[in-house]
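# Residue-level structural notes
This is what each chain is made of:
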Amino acid sequence: MINKQYVIVLLLILTCLSCNKSKNENDQALLFWSSNNRGEIEFTEYFVNQWNDKKTTPLKFQPIPEGQSSEEVILASVVGKTTPDIYANMWQGSVEMYAKAGVLVPLDTLEGFTEFIKARCTKKVLEEITSSDGHIYQVPWKINPIMTIYNKRLESDFDLPSLPLSYDMYLEAGEKIKADNDKDGYIDQYVGYTAVKVIWFERLMNFYPLYIAASDGGQLIKDNEAAFNNDHAVGVFRFLQELYQKEYFSKERLSAGQDRFITEDIYTKWTGPWEIRHVDKFKQRNDFKFDFYPMPVPKGHSGPVYTYSDPKNIVVFNTCKNPQKAWEFIKTLVTKEGDKKLLEITTQLPNRKNLITDITFQDYFKTHPKMKAFAEQANYIKGIDNCEIIVEVFDIISQEYEACVIYNKKTPEKAIADAAKAVDNLLKN
Amino acid sequence: MKKKWLPYILVSPYILHFIVFVAFPVLFSLVLTFHEWNIISPMKFNGFGNYIKMFNDRMFWKSLINTFKFLIIHIPLQIIFSLALAEFLNQNIKFKGFFRAAFFLPVIVSGVVVTILWQQLFGFDSGLFNRMLVSIGLSKVGWLLDPSIAMGSIALMATWKNVGLYVILFLVGLQTVPPHYYEAASIEGATHWQKFRNITLPMINPTIFMVVILSTIGGFSLFIEPYIMTGGGPLSSTLSSVLYIYKQAFQYFHMGYSVTLGFFFAILILGVVVIQKKYIEQGED
C-alpha cells in the first residue's frame, strides 16, 4: 500500500513543477496589446498578419485583458512584471509616470526613431511628448480632437444669426432653445449637455478643451507650477456656470440613459469623431442631420480655435527583449499606409502633420466630409502637459468645477484660485 | 513519526493560504503605512508622515462623517423594513415562497446592475420617481443632485438591495419564538402591538444584534453605489471612506497613505462593533 505522506509530497512537487515557466521558441516573439475596440482589433490584426508573413521575429497579438479600465490593467501588469512588449492606446497623460518609474524604453535611443518621428509629427507634438528627462518614451499615434457636434435644426428652427461660436452666442442660443415641451413645468429641451459627474476625466470633455480654446493651447502646468490661474480659466468657469444657472444645460446624469442628442432634446455637445458612427447608427429619423464646429470661445477671440486632442500613443515596455524589432513593427503602423488604414477602419485620426494636404488621405476626406472637419481641427490641438500627477490636477479642478459651475457655491475667480493653490501645494510636496 | 507530521501536512494548505493572503498582506500593509509608494517606483521611508497627513486631511474626515450619516439612515431603515417584511412573511399568507424569493432577488443581483437601475429611477428629468411626483402635482426632487438628499437616496437604494438577506435572518429569529408565549398573551388579552413589543422584540434580540453588526460592517464598506452613481458628489456629500481610500490608492497611487487610512478605518470599525456589542448586551441584561 502506498504511503499517503509520499503521495501528498509528490503532489506538492508536481504542483510546483507545473508552475515553472516553460521555455519554447515563442519566447522570442514580441507581444503586442491593442485596445479592445473592435475597429482597432481589426486594424491590428491586419498589420500583425502582414508582419508575421514577412518577418522572422514572430509577433503575438491580443487585445488588452478585460479590466475596469485599460489604465488599471496596465498598472497591474507593470506591478506584476507581465507587461507586453508593445502597448498601443496609452493615454499621453499616463506616460510621464511610467517613464519616471523606468518601466518604458526611451524610444529616441533606438535607431531611426528620431528621424522618423520628426518627419511624421509637428514640432509642437514633439515638444509635448518629450519627457522631463529629455527622452521620448511614446510614439504619437492617434488623436480624437474634441469639437462641438450640432443638430442642423439649430440653424433652421431657432432663428439664430449664425452658429453659436462664441460664449455670448452660445448663451443666446441657450435662451432660444430652452423649452418645456411636455408642459410639466420643467425644462426638457436644452442647447447642450456635458457630463456633470465629478470624476476627473469628465473634465477632458468640457473644461479642458474650452480652456485650451480660450487660451490658444495654454498649459495647465508650467515649470512645475499651476499655470491656469488666469482669465481664460475663469472665463470658462463663468460661461459654464451661466449655462447651468440659466438652465440652458441639464444637470442630470445621462451616462446610462438614452442619448438625448439623438432624441433631439439637446442640440449640441462636445465630443470626438467617434460620435459620427454612433449618431449615424442610432439616429431615429433618416433625415436627421448633424455637423461639427470648433469649441466655443470668448467674445472677441481671433485666430484659429485650439482644442484638446485626446492623444493615445504607443509605448514599448522595458520587459521587451528586442526594442529595436518592436520599433520596426510600430513603424509599420504609423507609416502613411498604416495611418490611412487607421482612418478607414477605426474612424480615428492619425497624429501626423499635413493630414489634410497629404495626397494619401485626400480620397478618404472627400468621401468622409465630417471627418474632414476633425482633420482641419487637427492643425490646432493640444494634448496633456507632462506632469506625473496630472490625474490629481484634474481631480482638484473637477472638485472646484462642481462647487462653482454646477452648484454655484463659489465665484469662478475663487474656484480657479483655490484649484491653483491646491495644485501648487501638491506639486511642492 | 508519521502521526506527528500528518496533521501539519493536512492543515498546511490553510496555513499557506493564511500566510500568503492574510498575514503577509497585513504585515506588508503595516510596513507600507510608514512609506510613500506609487506601486511602480521603489518605496520611500516616510516615518509618521502618512499618519500626520491623515489627521490633517479634511476630505478624509468628511468622508468619515458621510459614512456615519449613511449608517444613521441605513441601519434603522434596514431593521424596520426587514423586520416588517419578515413579520408579514411569517403569517399564513398565499404565495409565501414567491414573496420570499422576490425579496431575496436583489441580494443576488450584481451591485453594479442594481446601481445602474436605481440611477435611472433617480434621474431628475426622466427618472421614474420624479415622473410619479410630477404626475401627482408635486415638485421634482434632486435625488442625486441635491447634496442634502443624495446620501439618503443611496441609503434607500442600499436598503432595498440588502433587505432580503435580513428578512431571512429575522424570519429565522421569529420562527424560534415559542408559539405558546403568544397563546398565553392572547388569553391574557394582549394586543398585537403588546405581543410584538413584549414577546417578539426581546426574543429576537440576538437577531437584531446580528443585523445591526452585519449592516454596520456592510455600511462601512459603502463603495459601489457612490462610485457608480455620484462619484462621491454632489459637493463630496456621498464620498464614503472606502471610496476615498480607493481614490487615494488607485486614482492617485498613494499606496502608503491609502493603507494608513485603511488601517485607521479598520480599527474604527472594530471599535464601533465592540461598542455596539457591549451596548446591546447591557440591554439584554
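Coordinates for the structure precede this section.
Below is a short write-up of the structure. (Residues numbered from 1 in each chain as written. Chains lettered and ligands numbered in written order. Predicted model: local features only at pLDDT ≥ 70, side-chain atom pairs only at ≥ 80, totals over all residues.)

Right, let's get into the overall build of chain B. Regarding its fold elements, chain B presents 13 helices and two strands. Its C-alpha atoms give chain B principal-axis dimensions of roughly 75 × 70 × 35 Å. Put simply, chain B has 285 residues, and 28% of those count as buried. (Helix = DSSP H or I, 4+ residues; strand = E, 2+ residues; numbered from the N terminus. Buried ≥ 20, exposed ≤ 12 C-beta atoms within 10 Å, placed from the backbone.)

When its secondary structure is counted, chain A shows 17 helices and 14 strands. By the compact-globule yardstick of 22 Å for 429 residues, chain A fits well, its C-alpha radius of gyration being 24 Å. C-alpha extents for chain A along the principal axes are approximately 90 × 55 × 50 Å. Taking all 429 residues of chain A together, 46% fall into the buried category. (Rg over C-alpha atoms; globule rule 2.2 N^0.38 Å.)

Moving on to the pairing of strand β10 (residues 290-293) of chain A. Residue and element names in this part refer to chain A. By the alternation rule, side chains of β10 split into Phe290 and Phe292, which are all buried, and Asp291 and Tyr293, of which none is buried. When strand β5 (residues 147-151) meets β10, the two strands line up antiparallel, connected through four bridges. Of the residues in β10, the one forming a bridge with Tyr150 is Asp291. (Pairing = 2+ DSSP bridges.)

In this section: the interface of chain A and chain B. Taken residue by residue, the interface counts 27 residues in chain A and 26 residues in chain B. Elements with a contribution of two residues or more to the side of chain A that touches chain B: α1 (4-19), α3 (70-79) and α16 (390-406) of chain A. By residue class, the composition of the side of chain A that touches chain B is 14 nonpolar, three polar and 10 charged. (Contact = placed C-beta atoms within 7 Å. Nonpolar A, V, L, I, M, F, W, Y, C, P; charged D, E, K, R; others polar.)

By size, the foremost hydrophobic cluster in this structure holds 120 residues, and its most contacted members are Ile86, Val316 and Val393 of chain A. Here this core gets 11 residues from one element, more than from any other, and that element is α16 of chain A. In terms of domain composition, this core takes at least three residues from each of domain 1 (29-145 + 309-382) and domain 2 (147-308 + 389-428) of chain A. Residues contacting Val316 of chain A, with those up to four places away along its chain left out, are Asp85, Ile86, Leu104, Val105, Leu107, Pro323, Ala326 and Trp327 of chain A. In terms of nonpolar packing, the next biggest core, distinct from the first, is built from 24 residues, Phe70, Ala155, Val242 and Ile245 of chain B among them. (Core = buried A, V, L, I, M, F, W, Y, C linked by C-beta atoms within 7 Å. Domains from an automatic or database assignment.)

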